[in-house]
Amino acid sequence: MPGVSNPSLRRYRNAVRKTDADLPLYDVDHDQDVISRVLAGDRDAFALLIGRYSDPLYRHALGMTGSPDVAEDILQTSYIKAYHHLGEVRGRFDAWLFRIVANGCKDWLKNIRRTHLSYDEDDQPSGVATPAEDLDRTELRQDLDAALAQLAPSLREAFIMKHVEGRSYEEMADLVGTTVGALKMRVHRAREALQVLLEEKYA
Amino acid sequence: MMVDRHDAHDNLNQTSRDTRDGAGSADHLAADHHAADREVPLPAMTAADGQDNVVQLWLDGEATEADARRSNNSAVEIWMRVQRDAGQMHQVKAPAHLAANIMAALAPKAPLAD
């Protein structure tokens, strides 16, 4: 079974853990307090912001890129960039940070398409399934990743936020900085395209 | 007296990474809202589109699964599988070593307050 013997898959599963409860989505006051501490010289306080947001942001980057290694690189680069520009934060830190990560993902997708570089398929995640579900889920994940890769980045982003991250349209609008209507349209278009692509095999 | 604002579009061509990355988010948000306003509406629906629309409503929590199945059962089956898979993805957490790697890569000096 490819899902079991694949060494990259094992590495992926070792790299991720499961959680029983989601973290609170954001806490503006708490974030501002932490930012003030960091700007005042308490460098270690930045770890609180990393711990608070790295899981949902990692899921976003993983969903967008399909690669655990790339997702990790994007998060690391994004947090370092956020640290250097922390004094420029206005409003919600989580939305500001999300846009840095989201743009990192889109830049990566653009570069992949521009150079026609195909990243190592072994790096693609295939979910965290029980062994009995491995084959089916791995195949579906690969097909879903392949279908997602054919979508425009904005459609892919909207689909990932809605269906992988489980966000409401209102929350998506806050993070992306656009309207609920525009995001609904993107999600609907993404679903239509994915359904056509998946129906060929799974209907 | 009315005065023309010659600086109203001063930031129109601003493409610095800082703006793209979230800094200067007010301009960024305004630009995105304009872009959203320009998004082309979906074309008029056919009967087949209407079937899929019920599935879309179900996926948004605005129609029942039974209605969606009556409309397009095979599509519902596909989306049930996708949602199970997506649900597994939602449990994924960042690698445990990521926070330490980021902290180790940060500059020793505190960032400048704006």
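## Points about the overall build of chain A
- The secondary structure content of chain A amounts to 10 helices and 0 strands.
- The N-to-C order of helical and strand elements in chain A reads α-α-α-α-α-α-α-α-α-α.
- Here chain A holds 203 residues, and the buried ones make up 54% of them.
- The long-range fraction of contacts in chain A, counting pairs at least 24 apart against all pairs at least 6 apart in sequence, stands at 67%.
- Surface exposure of chain A reaches about 8700 Å², of which carbon and sulfur atoms provide 52%.

## Some points on the confidence of the model for chain B
Residue and element names in this part refer to chain B.
- Overall, the prediction assigns chain B a mean pLDDT of 71, with 54% of residues at 70 or greater.
- Across chain B, helix 5 (residues 98-105) holds the top mean pLDDT of 96, while helix 1 (residues 17-20) sits lowest at 45.
- Confidence drops under pLDDT 50 across residues 1-21; counting only partners more than four residues distant or on other chains, this segment forms 21 contacts.
- Low pLDDT, under 50, characterises residues 23-32; the predicted model gives this stretch 16 contacts beyond four residues in sequence or across chains.
- Across the interfaces of the predicted complex, the ipTM metric reaches 0.72, alongside a pTM of 0.70.

## A word on the environment of Asp174(A)
All names here are of chain A.
- Within the secondary structure, aspartate 174 is located in helix 9 (residues 169-176).
- Look at aspartate 174 and you get partly exposed, because its relative accessible area is 43%.
- Sequence separation of aspartate 174 and alanine 147 is 27 residues, and the distance between their C-alpha atoms is 27 Å.
- Residues within four places of aspartate 174 in sequence aside, it is in contact with Arg92, Ala95 and Arg99.

## Comments concerning the packing of helix 8 (residues 153-164) of chain A against helix 4 (residues 65-89) of chain B
- Interhelical geometry of helix 8 of chain A versus helix 4 of chain B gives an angle of 80° and a closest axis separation of 9 Å. In terms of axis orientation, helix 8 of chain A runs roughly perpendicular to helix 4 of chain B. Note on element contacts: helix 4 of chain B touches helix 8 of chain A through Trp79(B), Val82(B), Gln83(B), Ala86(B) and Met89(B), opposite Phe159(A), His163(A) and Val164(A).
- The residue inventory of the contact of helix 8 of chain A with helix 4 of chain B, partitioned by class, reads 6 nonpolar, 2 polar and no charged.

## Some words on helix 8 of chain A
All names here are of chain A.
- The element helix 8 is largely enclosed, with a buried count of 10 among its 12 residues.
- Of the residues making up helix 8, those classed as buried are Leu155, Arg156, Glu157, Ala158, Phe159, Ile160, Met161, Lys162, His163 and Val164.
- Where helix 8 ends, the next residue or the one after it, glycine 166, has phi of about 65°, a positive value.

## As for helix 9 of chain A
Residue and element names in this part refer to chain A.
- Helix 9 sits mainly inside the fold: 6 of its 8 residues count as buried.
- Among the residues of helix 9, Tyr169, Glu171, Met172, Ala173, Leu175 and Val176 are the ones counted as buried.
- Taken from the residues just after helix 9, glycine 177 is the one with a positive phi, measuring 80°.

## Remarks on the nonpolar core
- Counting 74 residues, the largest nonpolar core has Phe46(A), Leu57(A), Leu75(A), Tyr79(A), Phe93(A), Leu194(A) and Trp79(B) as the members making the most contacts within it.
- Per element, the largest residue contribution to this core is 12 residues, and it comes from helix 6 (residues 93-115) of chain A.

## Section: the side chain of Arg99(A)
Residue and element names in this part refer to chain A.
- Residue position: arginine 99 is located in helix 6.
- The exposure class assigned to arginine 99 is buried, which follows from its relative accessible area of 7%.
- In terms of polar contacts, arginine 99 uses its side chain to reach the backbone carbonyl oxygen of leucine 175, at 3.0 Å.

About the criteria used
Residues numbered from 1 in each chain as written. Chains lettered and ligands numbered in written order. Predicted model: local features only at pLDDT ≥ 70, side-chain atom pairs only at ≥ 80, totals over all residues. Heavy atoms only, no water. Helix = DSSP H or I, 4+ residues; strand = E, 2+ residues; numbered from the N terminus. Buried < 20%, exposed > 50% of the residue type's maximum accessible area, 1.4 Å probe, protein only. Contact = heavy atoms within 4.5 Å. Areas by Shrake-Rupley, 256 points an atom, 1.4 Å probe, with all protein chains shown as cover. pLDDT = per-residue confidence, 0-100. Axes fitted to C-alpha atoms, helices over the stretch in contact; angles between N-to-C directions. Parallel < 35°, antiparallel > 145°, perpendicular 65-115°, else oblique. Nonpolar A, V, L, I, M, F, W, Y, C, P; charged D, E, K, R; others polar. Core = buried A, V, L, I, M, F, W, Y, C linked by side-chain atoms within 4.5 Å. Polar contact = N/O pair within 3.5 Å; in protein donor to acceptor, adjacent residues only side chain to side chain.

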